[in-house]
Amino acid sequence: MGSLFSNLHTLELRANKLTTTAGLTIPSLKNLFLAENSITELVGLEHLSQLTTLHLRDNLIQHLTGFHSNMKALQYINLRNNKLADMIEVEALCCLPMLRALILLECPVADQDDYRTEALVSLRRLERLDKFEYTEEERREAEDLYVQRQEKEICSEDV
């Protein structure tokens, strides 16, 4: 599919009953809109190295294992109203060096205590979560927590 659509920058596949991202190997893509499908599996995303925007709103995604460090341009991900229930899934996004905005509203994970802080501890370059920019106070709190955890990890390695 990649060579046939080698100049394609934006692909809109909203409400097509897709269950996976497999087969979307179009390296030139910058914007991919997959909202309102039935996606449960993220596969083949490593081929989307130029992707900057990924909309996966209103799907059935529980795990974020499909993201890859090759996705160096990805800045915005909308995962609103998916089935993400654990912060460990958010940590899987730390391989995305340019990620600045993440939407997780209406996901079970967004109901957890200290959700905003924990997301920033995991994704330290994040600027916005759920449409709201991080405040300096939130950044300091997340940085302090990050440092504490690093120190605790170093201490446990010394034992």
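Below is a short write-up of the structure. This is a predicted model, so every value here is computed, not measured.

### As for the pattern of salt bridges
- Applying the stated criterion to the full structure yields 7 salt bridges.
- For the salt bridge of E12 with R14, the shortest nitrogen-to-oxygen distance reads 3.2 Å.
- The class of E12 is partly exposed, set by a relative accessible area of 39%.
- R14 sits in the partly exposed class, given a relative accessible area of 41%.

### Examining the side chain of N82
- Along the polypeptide, N82 turns up in the loop between β4 (76–78) and α1 (87–91).
- Note on N82: relative accessible area 2%, which makes it buried.
- One polar contact links the side chain of N82 to the main-chain amide nitrogen of N59, over a distance of 3.4 Å.
- A polar side-chain atom of N82 sits 3.0 Å from the main-chain amide nitrogen of I61.
- Residues within four places of N82 in sequence aside, it is in contact with L56, R57, D58, N59, L60, I61, E106, C107 and P108.

Criteria and thresholds
Residues numbered from 1 in each chain as written. Predicted model: local features only at pLDDT ≥ 70, side-chain atom pairs only at ≥ 80, totals over all residues. Heavy atoms only, no water. Salt bridge = Lys/Arg side-chain N within 4 Å of Asp/Glu carboxyl O. Buried < 20%, exposed > 50% of the residue type's maximum accessible area, 1.4 Å probe, protein only. Helix = DSSP H or I, 4+ residues; strand = E, 2+ residues; numbered from the N terminus. Polar contact = N/O pair within 3.5 Å; in protein donor to acceptor, adjacent residues only side chain to side chain. Contact = heavy atoms within 4.5 Å.

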